[in-house]
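For reference, the chains in residue letters:
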Amino acid sequence: MDARHKSLYVFILAGLAFSVALALIVSPFASSSPDGLEKVAEDKGFIEKAEETEPAWNSAPIPDYAFPGLTEKVTVEDEKTGEVVEEEKPTRLATALAGLTGTAAVFVMGWGLALLLKAGKKEDAGEAGLQASSGA
Amino acid sequence: MHIPDGFLNAGTSAVTGAVSVGAVGYGLYRARKELDEKRVPLLALCAAFVFAAQMLNFPVAGGTSGHFLGGVLAAVLLGPWLGSLVIALVLLVQALGFADGGVTALGANVFNMALVGTVLSYFVFAGFKALLPRNRASFLGAVAAASWLSVMLASGACAVELAVSGTSPLGVALPAMLGVHAIIGIGEALITTAVVAVVLQVRPDLVGSWDLASSGGYALETTGVS
């Protein structure tokens, strides 16, 4: 491994560490307000179309970015009635672990997919590939 | 702007799904030619960063939040087709792993974010870059403008799909979607420009679209660094 490649992997690792830190430490504090599309759907009265539809896929291992099994009871005031009710809510740790899992998963899947595709290229044209990389 | 199940009719899901399958297939074909030693780990890193950054919803006006899309970032670093694969991979993992975005709407979400928000927006970026003077500030300006527009274009496509599906008339959905995403797009532009500026500083060779070095004014600024 020459110095150039070493520096590439240092960059990649630093970028991965930064991404993991975002997912692990910052994501639990992200806004939980509806996003642009959800808000428009609420305001324009078509959010029910999603709420009344049974999801086509029910087997997501980490639904809604909450690592399963990590909930806490919180008391919240109902916006409309003003009633104080107790609710089960995912903890911050649940969000952090969801972020860590997803970030690591797409990194590994991305690398694997790219390696597979690159291997396909080698079979086609070894020499053309060599030329391209030496010219870069 | 991940569309859930229930917003789109079967025809819209089928058409956007077919276009997306075709485009991802073409992206995979292009990837075999474009992937090299550097781009394999860079693709993985882009996917990881986009996934993490998409979790960070930031508040915008009126009880609404927005989050990063990442299409222009991925395309500026990796080119439009590898970039679209990054976004499509993230969308697939979000839909199947995290129940974010409906599986029946996955084709539409890939169409809006990986094609309109990535491939098309990359060509918007390339157009700005060609029109502007050849220097670092103009390059970053083109990145910022294309990032903002990518969010507008993707949300516009989403509004058209809602209208065609009979979910919300275009006259209602389009101005509402564009209005809120005009603000969210500012976040997109800030994040994309900041990240591209950092990569340009540290490893300019990893910014795939920084390609005028050999043919024009960019050369003077970059040769010393790489």
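The structure this text deals with has already been given above.
Residues numbered from 1 in each chain as written. Chains lettered and ligands numbered in written order. Predicted model: local features only at pLDDT ≥ 70, side-chain atom pairs only at ≥ 80, totals over all residues. Heavy atoms only, no water.

Draft legend 1. Quick look at the packing of aromatic side chains. Here the structure, examined in full by the defined rule, presents 14 aromatic pairs over all chains. On the numbers, 6.3 Å between centres and 15° between planes, the contact of A:Phe18 with B:Phe49 is stacked. Highlighted residues: A:Phe18 in helix α1 (residues 3-26) and B:Phe49 in helix α2 (residues 39-54), drawn from two different chains. By way of ring pairs, the aromatic residues B:Tyr122, B:Phe123, B:Phe125, B:Phe139 and B:Trp210 are connected into one cluster. (Phe/Tyr/Trp six-rings, centres within 6.5 Å; stacked < 30°, edge-to-face > 60°. Helix = DSSP H or I, 4+ residues; strand = E, 2+ residues; numbered from the N terminus.)

Draft legend 2. Structural context of a nonpolar patch on the surface. All names here are of chain A. Judged by side-chain polarity, Leu 24, Ile 25, Val 26 and Leu 100 come together as a nonpolar surface patch covering roughly 300 Å² of accessible area. With three residues, the top contributor of residues to the nonpolar patch is α1. Tracing the sequence through the fold places Val 26 in helix α1. A relative accessible area of 39% means that Val 26 is categorised as partly exposed. (Patch = residues over 30% accessible without salt bridge, like charges linked within 9 Å, V, L, I, M, F, W, Y side chains within 5 Å. Areas by Shrake-Rupley, 256 points an atom, 1.4 Å probe, with all protein chains shown as cover. Salt bridge = Lys/Arg side-chain N within 4 Å of Asp/Glu carboxyl O. Buried < 20%, exposed > 50% of the residue type's maximum accessible area, 1.4 Å probe, protein only.)

Draft legend 3. Quick look at the environment of B:Ala88. Residues and elements named next belong to chain B. Among the structural elements, Ala 88 can be located in helix α4 (residues 80-98). Relative accessible area serves as the criterion here: at 11%, Ala 88 is assigned to the buried category. Sequence separation between Ala 88 and Leu 106 is 18 residues; the distance between their C-alpha atoms is 9.1 Å. Those residues in contact with Ala 88, other than ones at most four positions away along the chain, are Val 24, Val 110 and Ala 114. (Contact = heavy atoms within 4.5 Å.)

Draft legend 4. Layout of the interface of chain B and chain A. Each partner contributes to the interface: chain B provides 65 residues, whereas chain A provides 59 residues. Together chain B and chain A conceal approximately 5,300 Å² of surface at their shared face, both sides included; 73% is due to carbon and sulfur atoms. Considering only the side of chain B, the residues that lose the most area to chain A are B:Arg32, B:Met55 and B:Phe98, jointly responsible for 14% of the buried surface there. One can count one salt bridge joining chain B with chain A. In this structure, the salt-bridge partner of B:Glu37 is A:Lys118, at a minimum N-O distance of 3.3 Å. In this structure, the connection of chain B to chain A is made through 16 residue pairs in polar contact (both at pLDDT 80 or more). Mapped by element, the contributors of at least two residues to the side of chain B that touches chain A are α1 (10-34), α2, β1 (58-60), β2 (64-66), α4, α6 (136-164) and α7 (170-202) of chain B. (Buried area = accessible area lost by both parts, 1.4 Å probe. Polar contact = N/O pair within 3.5 Å; in protein donor to acceptor, adjacent residues only side chain to side chain.)

Draft legend 5. Summary view of the nonpolar core. Of all hydrophobic cores here, the largest spans 91 residues; its most connected members are B:Phe7, B:Val86 and B:Phe139. The greatest single-element share of this core, amounting to 13 residues, is contributed by α2(B). Discounting chain neighbours no more than four positions away, the residues touching B:Phe7 are A:Leu37, A:Ala41, A:Phe46, A:Ile47, A:Lys49, A:Ala50, B:Leu162, B:Ser165 and B:Thr167. (Core = buried A, V, L, I, M, F, W, Y, C linked by side-chain atoms within 4.5 Å.)

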